[in-house]
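Commentary on secondary and tertiary structure
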Amino acid sequence: YSIFSNIRNTIHNNGIYTEGDLEITYKGEMHNFTKGKPHSSASLETIVLIQEDLFQMTKDILEHPSISSIKKIIDPPSMF
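These notes cover the structure that comes with them.

Taken as a whole, this structure holds one aromatic pair when the rule is applied. Ring plane angle 55 degrees and centroid distance 5.1 Å describe the contact between tyrosine 17 and phenylalanine 33, whose orientation is recorded as tilted. Taken together, the residues tyrosine 17 in the loop between α1 (2–12) and β1 (22–26) and phenylalanine 33 in strand β2 (residues 29–33) connect sequence positions 16 residues apart. The two residues tyrosine 17 and phenylalanine 33 agree in class, both being buried.

Spelled out as structure tokens, the structure:
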């Protein structure tokens, strides 16, 4: 999920990538991040694909037996 974090960080920096040069292949497509340059391959399609993957990852975590078997989570501050 480094594509997500790198796009997010670039958006926070007004669209300019500030880290070292990086190439990420995501879903068969190459995404280049060049230090000091605008990042332009974060299309709506790419963002939607990333969101779908993040949703699936969250679903997989929540449905994992070690998580789904938890019946109740007590919030410690509410115990007082």
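Time to look at the nonpolar core. By size, the foremost hydrophobic cluster in this structure holds seven residues: Ile3, Ile7, Tyr17, Ile24, Tyr26, Phe33 and Ile50. Ignoring sequence-local partners within four residues, the contact set of tyrosine 26 consists of Ile3, His31, Thr46, Leu49, Ile50 and Asp53.

In this section: α1. When α1 is considered as a whole, its buried residues turn out to be Ile3, Asn6, Ile7 and Thr10. Buried residues along α1 cover an arc of 100 degrees about the axis, so they all sit on one side. If you follow the buried residues of α1, they end up packed against β1, β2 and α2 (44–63).

Turning to the pattern of salt bridges, a few remarks are in order. One pass over the full model with this rule turns up two salt bridges. For lysine 27, the salt bridge identified is with aspartate 53, shortest N-O distance 3.3 Å. Here lysine 27, found in the loop between β1 and β2, pairs with aspartate 53, found in helix α2; they are 26 residues apart in sequence, far enough to count as distant. Residue glutamate 63 pairs with lysine 59 through a salt bridge whose shortest N-O separation is 3.4 Å. Of the two residues, glutamate 63 and lysine 59 are both situated in helix α2; the distance of four residues between them amounts to about one turn of the helix. Here glutamate 63 falls in the partly exposed class, since its relative accessible area comes to 48%.

With that out of the way, let us pick up the environment of glutamate 29. Structurally, glutamate 29 is set in strand β2. Glutamate 29 sits 17 residues away from threonine 46 along the chain, and the two C-alpha atoms are 9.5 Å apart.

Pairing analysis gives five bridges linking β1 to β2, with the strands arranged antiparallel. Its bridge partner lying in β2, threonine 25 is registered against methionine 30. Here β1 hands over to β2 after two residues, with lysine 27 in that stretch at a positive phi of 55 degrees.

About the criteria used
Residues numbered from 1 in each chain as written. Predicted model: local features only at pLDDT ≥ 70, side-chain atom pairs only at ≥ 80, totals over all residues. Heavy atoms only, no water. Phe/Tyr/Trp six-rings, centres within 6.5 Å; stacked < 30°, edge-to-face > 60°. Helix = DSSP H or I, 4+ residues; strand = E, 2+ residues; numbered from the N terminus. Buried < 20%, exposed > 50% of the residue type's maximum accessible area, 1.4 Å probe, protein only. Core = buried A, V, L, I, M, F, W, Y, C linked by side-chain atoms within 4.5 Å. Contact = heavy atoms within 4.5 Å. Arc of directions from axis to C-beta. Salt bridge = Lys/Arg side-chain N within 4 Å of Asp/Glu carboxyl O. Pairing = 2+ DSSP bridges.

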